[in-house]
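For reference, the chains in residue letters:
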Amino acid sequence: MKNKKIKYHILYSACLVAGTAIFMWSFQPIMKLLALPVSLYGLVYFINHLFRGLGSLYISKIKDLISLSKMGTLIFPMFIICFILTFIILSVPSLPTWGKLLYFTFLSLTIAGQVIFTLRHKCRLHSFIPQKIRATSSSIDTMFGRLYAGVFFI
């Protein structure tokens, strides 16, 4: 945490990880509030994991298209949009099912962006950290994400 080259990336990545945790834990309650059929829960979860898997699979190609800092600059506003959309979608009682699924698709795309950012961030982190403390630095990175998520939930 003393290294200025990585300190802010760790804290920023932790905020994004916490945002993902909040949305992942909220999928079912939001779907219940939206009165979506239980059968669509599997579809929403499939879309989420499909985007996360494809993002992880094509991370090297994505890395060539967009820098880590630009990606972080893009992902954060997407999370803000997701939070705003959550309040909007919960306040519109007669939204069609396809609109609700579109919301979850955008949310899943945002979560996939966070996964890609975190993977790229950890690769970058390991280029600055000596090999003997890489596991510790990864654990600290994960710890901050969980800590922020816990604070956000409280």
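Attention in this report is confined to the structure presented alongside it.

Criteria and cut-off values
Residues numbered from 1 in each chain as written. Predicted model: local features only at pLDDT ≥ 70, side-chain atom pairs only at ≥ 80, totals over all residues. Heavy atoms only, no water. Core = buried A, V, L, I, M, F, W, Y, C linked by side-chain atoms within 4.5 Å. Buried < 20%, exposed > 50% of the residue type's maximum accessible area, 1.4 Å probe, protein only. Helix = DSSP H or I, 4+ residues; strand = E, 2+ residues; numbered from the N terminus. Contact = heavy atoms within 4.5 Å. Axes fitted to C-alpha atoms, helices over the stretch in contact; angles between N-to-C directions. Parallel < 35°, antiparallel > 145°, perpendicular 65-115°, else oblique. Left-handed = near helix turned anticlockwise from the far one by under 90°. Nonpolar A, V, L, I, M, F, W, Y, C, P; charged D, E, K, R; others polar. Phe/Tyr/Trp six-rings, centres within 6.5 Å; stacked < 30°, edge-to-face > 60°. Expected span 1.5 Å × (residues − 1). Arc of directions from axis to C-beta.

**Re the nonpolar core**
For soluble globular proteins, nonpolar side chains are generally found buried alongside one another.
Phase 1: Of all hydrophobic cores here, the largest spans 25 residues; its most connected members are F23, F27, Y103, F104 and L107.
Phase 2: Looking at this core, the elements with two or more residues in it are α1 (4-33), α2 (39-57), α4 (68-91) and α5 (97-128).
Phase 3: In contact with F23, not counting residues within four places along its chain, are F79, C82, F83, T86, Y103, L107 and I111.
Phase 4: Grouped together as the second largest cluster of nonpolar side chains are 6 residues, I10, A14, I129 and F144 included.

**Topic: the side chain of H121**
Phase 1: In this structure, H121 sits in helix α5.
Phase 2: The buried category is assigned to H121, whose relative accessible area is 1%.

**Quick look at the packing of α4 against α5**
Phase 1: Running from N to C, α4 and α5 point in directions that differ by 150°, and their axes come no closer than 9 Å. It follows from the interaxial angle that α4 and α5 lie roughly antiparallel. Seen along the crossing, α4 lies across α5 with a hand that is left-handed.
Phase 2: Each residue belonging to the contact of α4 with α5 can be placed in one class, and the counts come to 15 nonpolar, 7 polar and 3 charged.

**Some thoughts on the packing of aromatic side chains**
In this description, an aromatic ring pair is defined by two values, namely the gap between the centres and the angle between the planes.
Phase 1: Summed over all chains, the structure comprises 10 aromatic pairs.
Phase 2: A ring pair is formed by F27 and F104, whose centres lie 5.5 Å apart and whose planes are at 80°; its orientation type is edge-to-face. On the criterion of sequence distance, the pair formed by F27 in helix α1 and F104 in helix α5 is long-range, its members being 77 residues apart.
Phase 3: Its relative accessible area of 0% is what places F27 among the buried residues.
Phase 4: Cluster of aromatic residues (ring-pair linked, three or more members): F27, Y41, Y45, Y103 and F104.

**Section: the environment of F83**
Phase 1: The topology assignment puts F83 in helix α4.
Phase 2: By relative accessible area, F83 is classed as partly exposed at 32%.
Phase 3: For F83, the residues in contact, after removing those within four places along its chain, are I22 and F23.

**Structural notes on helix α6 (residues 134-153)**
Phase 1: With 20 residues, α6 should cover 28 Å at 1.5 Å per step; its first-to-last C-alpha distance of 29 Å lies within 8% of that length.
Phase 2: When α6 is considered as a whole, its buried residues turn out to be S137, S138, D141, F144, G145 and A149. Projected down its long axis, α6 carries its buried residues within an arc of 130°, all on one side. Exposed positions of α6 whose direction lies more than 90 degrees from the buried face are A135, R146 and V151.

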